[in-house]
Amino acid sequence: MTEKKPSVLFVCVHNAGRSQMAAGWLRHLAGDRIDIRSAGSLPADQINPVAVEAMKEAGVDIAAETPKILTTGAVQDSDVVITMGCGDACPFFPGKRYEDWKLDDPAGQDIEAVRPIRDDIRSRVEELISSLLA
């Protein structure tokens, strides 16, 4: 019998910056060892191009991703729900592991401002991987 892979859902309001960068890092660093989802309570029309650029600089391509609406099912199907400023829009289910990552919003920022956000997200994702795959 195979062990179930842990699953993570990253949530921010627009699913265009922080949550997409986090999902990109997790995909890049953990490969297929963790199921990855991202969503937003009010998804944008497209991913923040500066977030795409910042991730590309670090060797991670998130250009093909699209913002997705947060669903109750996505939360139910995830072991860990990481919120990034979505406030009370995130449904709560007992038994889930919730973390709220306080991160600056890259929306409207230039690349110089987005790089430290990208790097902060990477270090948090590395800690998350360690906790899930230990």
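What comes next concerns the included structure. What you see is a predicted model, and the numbers here were worked out from it, not measured in a lab. Here the residue numbering is sequential within each chain, running from 1 through the sequence in written order. Per-residue local features are limited, in this predicted model, to residues with pLDDT of at least 70; the limit for side-chain atom pairs, both in listing and counting, is 80 or more; totals at the level of whole chains, interfaces and linings are taken over all residues. In computing side-chain values, all of the structure's heavy atoms are included and hydrogens and water are not.

Concerning the environment of Arg27
Condition: Strands are runs of DSSP state E lasting at least 2 residues, helices are runs of H or I lasting at least 4, and numbering of each runs from the N terminus. The contact rule is simple, with two residues in contact once any of their heavy atoms fall within 4.5 Å.
Relative to the assigned elements, Arg27 resides in helix H1 (residues 18-30). Each C-alpha atom, one on Arg27 and one on Asp105, is 21 Å from the other, the two residues being 78 residues apart in sequence. Excluding residues that lie within four positions of it along the chain, Arg27 makes contacts with Ile36 and Glu65.

Here we look at the pattern of salt bridges
Proximity of charged atoms lets side chains of opposite charge pair with each other. So the rule is basically this: By definition here, a salt bridge exists when the distance from a side-chain nitrogen of Lys or Arg to a carboxyl oxygen of Asp or Glu is within 4 Å. Burial classes follow relative accessibility: with a 1.4 Å probe on protein chains only, a residue under 20% of its type's maximum area counts as buried, one over 50% as exposed, and anything between as partly exposed.
Across all of its chains, the model carries twelve salt bridges by this definition. In this structure, the salt-bridge partner of Glu57 is Arg115, at a minimum N-O distance of 2.7 Å. With a gap of 58 residues between them, Glu57 in helix H2 (residues 49-57) and Arg115 in helix H4 (residues 111-133) connect regions that are remote in the sequence. Judged by its relative accessible area of 40%, Glu57 falls in the partly exposed class. Taking relative accessible area as the criterion, Arg115 reaches 24% and is therefore assigned partly exposed. Taking the shortest distance from any N to any O, the salt bridge between Glu126 and Arg122 comes out at 2.8 Å. One end of the pair, Glu126, and the other, Arg122, are both in helix H4, four residues apart, so they sit about a helical turn from each other. Take Glu126: its relative accessible area is 35%, and that puts it in the partly exposed class. Salt bridges linked by common partners bring Glu57, Glu112, Arg115, Arg118 and Asp119 together as one network.

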